[in-house]
Amino acid sequence: MVNPPNVEVLRSRLKDHVLRNKLKSSSRRELILETLSEVGRHVTAEELLRAVRTRDARIGAATVYRTLRVFQDSGIVAERRFEGGATRFELIGDEHHDHLICTHCGTILEFEDPDIERDQQRVADRYGFELRTHRHELYGICSHCKRNGRTLPEANPARPA
C-alpha cells in the first residue's frame, strides 16, 4: 500500500501557491484541507462537502468546488476520473502509485510495483518515447466481491481491454 501524503508538506505547497498568486488566506480552505486529509483518498466533491459540513455547516458546495480548484492549481490535489464512476479527488504525495478499481463495488486500491514502472520505461525507450507522466488503472473484481460470489460482467466490446 501507499503511504498517505504528508499534510504539512501539502500545507506548505498550498501556502506558497496562495502567496505567489496573491490569494487571500482562508480558514475555510484550511478546514477543507484538514478534512480531505482525514477522509482519505479518492473522495467525490459531494462526499467531501458532507464531511466538511459536519465540522462547519455554513460551508457551501461552491466553496468546496472553488477550493478543490485552488488545490488542483497548487498541485496538492489530483482529479481522477475512473471509468464508470464519479470524478474523485486525491491528495498528491511524493510517491507515485497506480490503481486497482473494482468494477462491481467501486473499491479503489492503490499500489506501487517497481517491475511495472521498469517495464513502462523499457517500452517507452524501445519506441524512443520520453515519458513525462502516466496513469495506470487496472479494472476487475476485488477479493471481497470474489468471496461473495460476484463475477466479472461480460466484456463490453465498445471498451477495449
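What counts and what doesn't
- Residues numbered from 1 in each chain as written.
- Predicted model: local features only at pLDDT ≥ 70, side-chain atom pairs only at ≥ 80, totals over all residues.
- Heavy atoms only, no water.
- Helix = DSSP H or I, 4+ residues; strand = E, 2+ residues; numbered from the N terminus.
- Buried < 20%, exposed > 50% of the residue type's maximum accessible area, 1.4 Å probe, protein only.
- Contact = heavy atoms within 4.5 Å.
- Areas by Shrake-Rupley, 256 points an atom, 1.4 Å probe, with all protein chains shown as cover.
- Lys, Arg positive; Asp, Glu negative; His and termini not counted.
- Charge placed at Lys NZ, Arg CZ, Asp CG, Glu CD.
- Expected span 1.5 Å × (residues − 1).
- Polar contact = N/O pair within 3.5 Å; in protein donor to acceptor, adjacent residues only side chain to side chain.
- Patch = residues over 30% accessible without salt bridge, like charges linked within 9 Å, V, L, I, M, F, W, Y side chains within 5 Å.
- Salt bridge = Lys/Arg side-chain N within 4 Å of Asp/Glu carboxyl O.
- Pairing = 2+ DSSP bridges.
- Axes fitted to C-alpha atoms, helices over the stretch in contact; angles between N-to-C directions.

(A) Highlighting the overall build of the protein chain. Of the regular secondary structure elements, the protein chain holds six helices and five strands. Projected onto its principal axes, the C-alpha coordinates of the protein chain cover approximately 50 × 45 × 30 Å. Counting over 161 residues, the protein chain shows a buried share of 34%. Partitioning the intrachain contacts of the protein chain with sequence separation of at least 6 by distance along the chain shows that 51% fall at a separation of at least 24. For the protein chain, the accessible area works out to roughly 10700 Å², and carbon and sulfur atoms hold 50% of it. Within the protein chain, one finds 27 positive and 25 negative side-chain charges whose respective centroids are separated by 7 Å.

(B) Summary view of helix H4 (residues 61-74). Taking 1.5 Å per residue, 14 residues should reach 20 Å; H4 reaches 20 Å between its end C-alpha atoms and fits that length. Listed in full, the buried residues belonging to H4 are Thr-63, Val-64, Thr-67, Leu-68, Val-70, Phe-71, Gln-72 and Ser-74. On its buried face, H4 sits against helix H1 (7-20), helix H2 (27-39), helix H3 (45-53), strand S1 (77-81) and strand S2 (87-91). Taken from the residues just after H4, Gly-75 is the one with a positive phi, measuring 85 degrees.

(C) Layout of the side chain of His-99. Summarising the element assignment, His-99 is placed in strand S3 (residues 98-102). Residue His-99 is classed as buried on the basis of its relative accessible area of 2%. Separated by 3.0 Å, the side chains of His-99 and His-42 make a polar contact. What His-99 contacts, discounting residues up to four positions off in sequence, is His-42, Arg-80, Phe-82, Glu-90, Ile-108, Leu-109, Glu-110, Phe-111, His-136, Glu-137 and Leu-138.

(D) Representation of a nonpolar patch on the surface. Together, Val-123, Tyr-127, Phe-129 and Leu-131 line one region of the surface with nonpolar side chains, adding up to about 410 Å² of accessible area. Its place among the elements puts Phe-129 in the loop between helix H5 (114-126) and strand S5 (137-140). Under the relative-accessibility criterion, Phe-129 is labelled exposed at 54%.

(E) Inspection of the pairing of S1 at higher detail. Here S1 runs beside S2; their pairing, made up of five bridges, is antiparallel. In the sheet register, Ala-78 faces S2, and the bridge partner there is Glu-90.

(F) Layout of the sheet that holds S5. With respect to topology, three strands assemble into an open sheet ordered S4-S3-S5, the strand pairing being mixed. Pairing within the sheet leaves two strands with one partner each, and these edge strands are strand S4 (108-111) and S5. Across this sheet, the average inter-strand angle for adjacent strands is 20 degrees, counted without regard to direction. Bridging between S3 and S5 involves four bridges; their strand directions are parallel.

(G) Layout of unusual backbone geometry. Even without being a glycine, Lys-22 presents a positive backbone phi close to 55 degrees. Looking at the secondary structure, you find Lys-22 in the loop between H1 and H2.

(H) Local environment of the pattern of salt bridges. All told, the structure shown has eleven salt bridges when counted by the stated rule. Taking the shortest distance from any N to any O, the salt bridge between Arg-81 and Glu-79 comes out at 2.6 Å. Taking the shortest distance from any N to any O, the salt bridge between Arg-122 and Asp-119 comes out at 3.7 Å. Here the residue Arg-122 and the residue Asp-119 both occupy positions in helix H5, the gap between them amounting to three residues, near one helical turn.

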